Amino acid sequence: METDRGEDKLVKIVWASEELFLRNGYDRTTMRMIQSSTGLHSGSIYYIVEGKDGILRMEAEAFIGDILCRSSRISRETGDPRMQILLPPAFLLHSASVSGRLSALLGHMFANGSVLRVFSSMAAEWGTRAVKMEREEMENLFGFLYGGIGGMIRMDADYESAMRTVLRFMGTLTDTEEPGLPDRIREIVSREGLRFHDTPIEDIDRIFGDGYDE
């Protein structure tokens, strides 16, 4: 019973934090604001999560987990194992391109070393199902890849040029020279209906605003 209550509190903390991060920005959101939004005692919150960075890491795990599951499903449905490793970067870049608010939050995720390791580790675990490579080697490779993706997101690189860079890099793992492949990937990620905070990513800026006040 106590565990159930703890899980309920965790869900409440993460849900409230996501909304505050999207509405105010990560830097401007304080633990006091999270406490006020959840109605929980500060001691209770810190017992459950490791501050804002811990919350950010859990949000990142949930988001990349959803992306990896979708990529795996699409890979099976299309019979194209390349999608397992090509789609996750495309989903992330697409998310950043359609929502300034989500792009800013993703930038913070990638700037956090522990979160970047989560991205790389989870992507490598799923990627070994599509490419025959040692897990450690793939994790190192994906660490470099996702670090680069984070840099492109923070610099507001446009989707098309960023994805071309990703496909050139991924050419070391699989065939990315197929004519029309970038357009095919763009079509897949655009129609998939990715969500964050249970909100279609295309609607986030309309709901939470398209920028932050200086």
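Let me sum up the structure you'll find in this document. Quantities reported herein were computed from a predicted structural model and do not represent experimental measurements.

## Quick notes on the nonpolar core
So, point 1. Phe-142, Tyr-146 and Ile-185 are the most contacted members of the largest nonpolar core, which totals 63 residues.
So, point 2. Looking at which element gives the most residues to this core, the answer is helix α5 (residues 83-98), with nine residues.

## Focus on the packing of aromatic side chains
So, point 1. According to the stated counting rule, one finds six aromatic pairs in the structure shown.
So, point 2. Counting every residue linked through ring pairs, the aromatic cluster contains Phe-110, Phe-119, Phe-142 and Tyr-146.
So, point 3. In this arrangement the basic side chain of Lys-52 is found over the ring face of Tyr-26, its NZ or CZ atom lying 4.2 Å from the centre.
So, point 4. Above the plane of the ring of Trp-126 lies Arg-129, whose end atom (NZ or CZ) is 4.3 Å from the centre.

## A look at helix α7 (residues 113-127)
So, point 1. For α7, which comprises 15 residues, the first-to-last C-alpha distance of 21 Å matches the rise-based estimate of 21 Å (1.5 Å per residue) to within 8%.
So, point 2. Taken together, the buried positions of α7 are Val-115, Leu-116, Val-118, Phe-119, Ser-120, Ala-123, Ala-124, Trp-126 and Gly-127.
So, point 3. Close packing links the buried residues of α7 with α4 (51-78), α5, α6 (100-111) and α8 (135-154).

## Some thoughts on the pattern of salt bridges
So, point 1. Across all of its chains, the model carries 15 salt bridges by this definition.
So, point 2. In this structure, Arg-206 and Asp-203 form a salt bridge, with 3.8 Å as the shortest nitrogen-oxygen distance.

## What about the side chain of Ser-103?
So, point 1. By the element assignment, Ser-103 lies in helix α6.
So, point 2. The buried category is assigned to Ser-103, whose relative accessible area is 8%.
So, point 3. Not counting chain neighbours up to four residues away, the residues in contact with Ser-103 comprise Ala-96, Ile-153 and Asp-156.

## Some points on the packing of α6 against α7
So, point 1. As a packed pair, α6 and α7 sit with axes 5 Å apart at the nearest point and diverge in direction by 95 degrees. Accordingly, the angle class assigned to the pair α6 and α7 is roughly perpendicular. Seen from α6, the contacting residues are Met-109, Phe-110 and Ala-111; seen from α7, they are Gly-113, Val-115, Leu-116 and Phe-119.
So, point 2. Among the residues forming the contact of α6 with α7, the class breakdown is six nonpolar, one polar and no charged.

Procedures and definitions
Residues numbered from 1 in each chain as written. Predicted model: local features only at pLDDT ≥ 70, side-chain atom pairs only at ≥ 80, totals over all residues. Heavy atoms only, no water. Core = buried A, V, L, I, M, F, W, Y, C linked by side-chain atoms within 4.5 Å. Buried < 20%, exposed > 50% of the residue type's maximum accessible area, 1.4 Å probe, protein only. Helix = DSSP H or I, 4+ residues; strand = E, 2+ residues; numbered from the N terminus. Phe/Tyr/Trp six-rings, centres within 6.5 Å; stacked < 30°, edge-to-face > 60°. Lys NZ or Arg CZ within 6 Å of the ring centre and 35° of its normal. Expected span 1.5 Å × (residues − 1). Contact = heavy atoms within 4.5 Å. Salt bridge = Lys/Arg side-chain N within 4 Å of Asp/Glu carboxyl O. Axes fitted to C-alpha atoms, helices over the stretch in contact; angles between N-to-C directions. Parallel < 35°, antiparallel > 145°, perpendicular 65-115°, else oblique. Nonpolar A, V, L, I, M, F, W, Y, C, P; charged D, E, K, R; others polar.

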